[in-house]
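# Overview (structure and organization)
Okay, here's what each chain looks like letter by letter:
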Amino acid sequence: MRCVVAPLLDGTLLTIPLEIVCGAADGPRLAVIAGVHGDELEGVRAVQILSTTLDQHSLTGTVLLIPVANMAAFAARTRRNPLDNTDLNRVFPGRPDGTISERLAYVIVNTLLADATLVVSLHGLGALGTLMPWMEFVDIPGSIGRASHTAALAFGFADLMPLPLLPGVLIAALAQRDIPAIEGEIGGMGTVDPANWQRYVIGVMRVMRHLMMIPNSPAYVEKPGYWELHWVHAPSGGLFDRRFALGDKVVYNQQLGVMFDPFGEPVDSVVAPCDGLAGACQTIASVHPGDPVALIWSPSQPRYVA
Ligand SMILES: [Zn+2]
């Protein structure tokens, strides 16, 4: 099935592919969405696997599966929608009369996800980098914050990122409509590694147990790590000699890498902004000024929900 967003310049329609799996009995409405960024592919594969394996006879409630939310970006293999050079996950909840990404955002929030009990959004790093898995939830006072946090614990990733209501981000726009939502991050480098998408599939099944949509009692991460994200951007372009590995423990001011000019002369370096863990890195060594070359996780605590 496809949901129509808008007619395009070339006479075709921008659509969102989706599948609805209706269970044998009424119950919660879980929505799983991937491909908000067009170059993050592990979640896309996870949703495809779910659409071919979910058993509607043993299901209570309904599962809405959206494998590729941002089809133009997916086709271009880019994070941003090339039709308006916009990051879809910065314009939620969108506008019905806006640019194509704003209209896409509007349809996703106001039509597809409007009556969801819980939304799971699956992301990753783009084709030029990789990361250690984590799960984000909206850390706000009240029942929506608590429901997001509990869903994140049910998903099973040990590392959680509490987020405030960031403007334009899907899970924040949903929380403002009283819909709890979580957003996962795994993989990168433009791959669909089974070790990664299987973790997403297992996580969604765990959330379904949490919502009592499938048999078996739920399980929750007992001692999650809470972290805050600190992106490190390249001060200048160059060939980047990275001097840390994914998962490394780093300390404040530790050198993370050096940029070399075309003649092999060092032109700049980057250092860790805080103590923490190296949670993501750009893997392509050719670096433009401003590129996010590293991500440091520093220990954190939720403000409202724990
Ligand atoms: Zn993303």
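Computed from a predicted structure; not experimentally measured. Per chain, residues are indexed from 1 in the order of the written sequence. Local features are withheld for residues below a pLDDT of 70 in this predicted model, meaning they are given only at 70 or higher, and side-chain atom pairs are given and counted only at 80 or more; totals for whole chains, interfaces and linings count all residues. Each side-chain value is derived from all of the structure's non-hydrogen atoms; neither hydrogens nor water enter the calculation.

### Regarding the packing of helix H4 (residues 143–155) against helix H6 (residues 194–210)
Axis lines are fitted through C-alpha atoms, for helices just across the contact stretch, and the angle between N-to-C directions can take any value from 0 to 180 degrees. The secondary structure listing takes helices from DSSP runs of H or I that are at least 4 residues long and strands from runs of E that are at least 2 residues long, numbered from the N terminus. Interhelical geometry of H4 versus H6 gives an angle of 125° and a closest axis separation of 8 Å. Compared by their axis directions, H4 and H6 come out oblique. The two elements H4 and H6 meet at a crossing, and its hand is right-handed. For the pair formed by H4 and H6, the contact residues are Thr 150, Ala 151, Leu 153, Ala 154 and Phe 155 on the first element and Arg 199, Tyr 200, Gly 203, Val 204, Arg 206, Val 207 and His 210 on the second. For this classification, the nonpolar set comprises Ala, Val, Leu, Ile, Met, Phe, Trp, Tyr, Cys and Pro, the charged set comprises Asp, Glu, Lys and Arg, and every other residue, Gly included, is treated as polar. Looking at the contact of H4 with H6, its residues break down into seven nonpolar, three polar and two charged. Angle categories: roughly parallel below 35 degrees, roughly antiparallel above 145, roughly perpendicular from 65 to 115, and oblique for all the rest. Whether a crossing is left-handed or right-handed is set by the direction in which the near helix is turned from the far one by less than a right angle, anticlockwise for left-handed and clockwise for right-handed. A contact between two residues is defined here by any heavy atoms of the two lying within 4.5 Å.

### Some remarks on the coordination of the zinc ion
Distances define the donors: N, O and S atoms within 2.8 Å of the metal qualify, as do those within 3.2 Å of Na, K or Ca. Water is excluded, so some sites may look unfinished. Coordination of the zinc ion by the protein is provided by His 37 (ND1), Glu 40 (OE), Glu 40 (OE) and His 123 (ND1), with metal-donor distances spanning 2.0 to 2.4 Å. Mapping the donors of the zinc ion onto the primary sequence gives the spacing H-x2-E-x82-H. For the pair shown, His 37 and Glu 40 are each scored as buried. For each residue, the accessible area found with a 1.4 Å probe, counting protein chains only, is set against the maximum for its type, and the residue is called buried under 20%, exposed over 50%, and partly exposed in between.

### Considering the domain arrangement of the chain
For the chain, the assigned domains read domain 1 (2–210) and domain 2 (225–299). In this document the domain limits rely on a domain assignment from an automatic tool or a database. For domain 1 versus domain 2, the distance between C-alpha centres works out to 28 Å. On the side of domain 2, 18 residues touch domain 1, which itself brings 18 residues to the contact. Both sides together, the interface formed by domain 1 and domain 2 hides about 1300 Å², and carbon and sulfur atoms give 70% of it. Simply put, the buried area is the total loss of 1.4 Å probe accessible area from both parts when two parts are fitted together. It is Leu 128, Met 132 and Met 161 that lose the most area in domain 1 upon contact with domain 2, and together they represent 39% of the buried surface on that side. Here a salt bridge means any side-chain nitrogen of Lys or Arg lying within 4 Å of a carboxyl oxygen belonging to Asp or Glu. Taken together, the connections running from domain 1 to domain 2 amount to zero salt bridges. Here a polar contact means two N or O atoms within 3.5 Å. Within protein one must be a hydrogen donor candidate and the other an acceptor candidate, and residues neighboring in sequence count only if both atoms are side-chain atoms. Run the count over domain 1 and domain 2 and you get nine residue pairs in polar contact (both at pLDDT 80 or more). Secondary structure elements with two or more residues in the side of domain 1 that touches domain 2: strand S7 (129–138), H4 and strand S8 (159–163). Its residues placed into classes, the side of domain 1 that touches domain 2 shows 13 nonpolar, three polar and two charged.

### Brief notes about the nonpolar core
Formed by 39 residues in total, the largest nonpolar core has its most connected members in Leu 30, Val 63, Leu 122, Phe 155 and Met 208. Residue assignment for this core shows that the elements contributing at least two residues are strand S4 (25–34), helix H1 (42–53), strand S5 (60–66), strand S6 (118–123), S7, H4, strand S9 (181–188) and H6. It is H6 that contributes the most residues to this core, six residues altogether. Excluding residues within four positions of it along the chain, Leu 122 makes contact with Val 32, Ile 33, Ala 34, Gly 35, Gly 43, Ala 46, Val 47, Phe 155, Gly 184 and Tyr 200. As used in this record, nonpolar core signifies buried Ala, Val, Leu, Ile, Met, Phe, Trp, Tyr and Cys residues forming a set joined through side-chain atoms within 4.5 Å.

### A few points about the packing of aromatic side chains
Here a Phe, Tyr or Trp ring, Trp counted by its six-membered ring, pairs with any other such ring whose centre lies within 6.5 Å, and the pair is stacked when the planes are under 30 degrees apart, edge-to-face when over 60, and tilted otherwise. Enumeration according to the criterion identifies six aromatic pairs in this entry. Geometrically, the ring pair formed by Phe 155 and Phe 157 is edge-to-face, given 5.1 Å between the ring centres and 90° between the ring planes. Here the aromatic rings of Phe 157 and Tyr 200 are separated by 6.0 Å at their centres, their planes lie at 15°, and the arrangement is stacked. Within this pair, whereas Phe 157 is found in the loop between H4 and S8, its partner Tyr 200 is found in helix H6, the two being separated by 43 residues in sequence. Tyr 200 shares its class with Phe 157; the two are buried. Put simply, the rings of Trp 134, Trp 227 and Trp 297 touch in pairs and so form one group of aromatic residues. Across from the ring centre of Trp 197, 5.8 Å away, lies the NZ or CZ of Arg 45, which sits over that ring. Any Lys NZ or Arg CZ that is within 6 Å of a ring centre and within 35 degrees of that ring's normal is treated as a charge sitting over the ring. Directly above the aromatic system of Phe 244 lies the positively charged group of Arg 242, at a separation of 5.6 Å from the ring centroid.

### Quick look at the pattern of salt bridges
Summed over the entire model, instances satisfying the criterion amount to six salt bridges. With its nearest N and O atoms 3.1 Å apart, the salt bridge here joins Arg 79 to Asp 87. Sharing partners across several salt bridges, the network here consists of Glu 40, Arg 79 and Asp 87.

### A look at the side chain of Thr 15
Position of Thr 15 relative to the elements: it lies in strand S2 (residues 13–17). Since its relative accessible area comes to 12%, Thr 15 is described here as buried. Here Arg 2 takes part through its side chain, which lies 3.1 Å from a polar atom of the side chain of Thr 15. With residues near it in sequence (within four places) discarded, Thr 15 still touches Arg 2, Cys 3, Val 4, Val 5 and Met 71.

### Remarks on unusual backbone geometry
Here the amide bond leading from Phe 92 into Pro 93 is cis, since omega sits at 10°, within 30 degrees of zero. Despite not being glycine, Asn 85 has its phi angle at roughly 50°, a positive value. If you check the backbone angles, Asp 178 has positive phi at about 65° while not being a glycine. Relative to the assigned elements, Asp 178 resides in the loop between helix H5 (170–175) and S9. Its relative accessible area of 58% is what places Asp 178 among the exposed residues.

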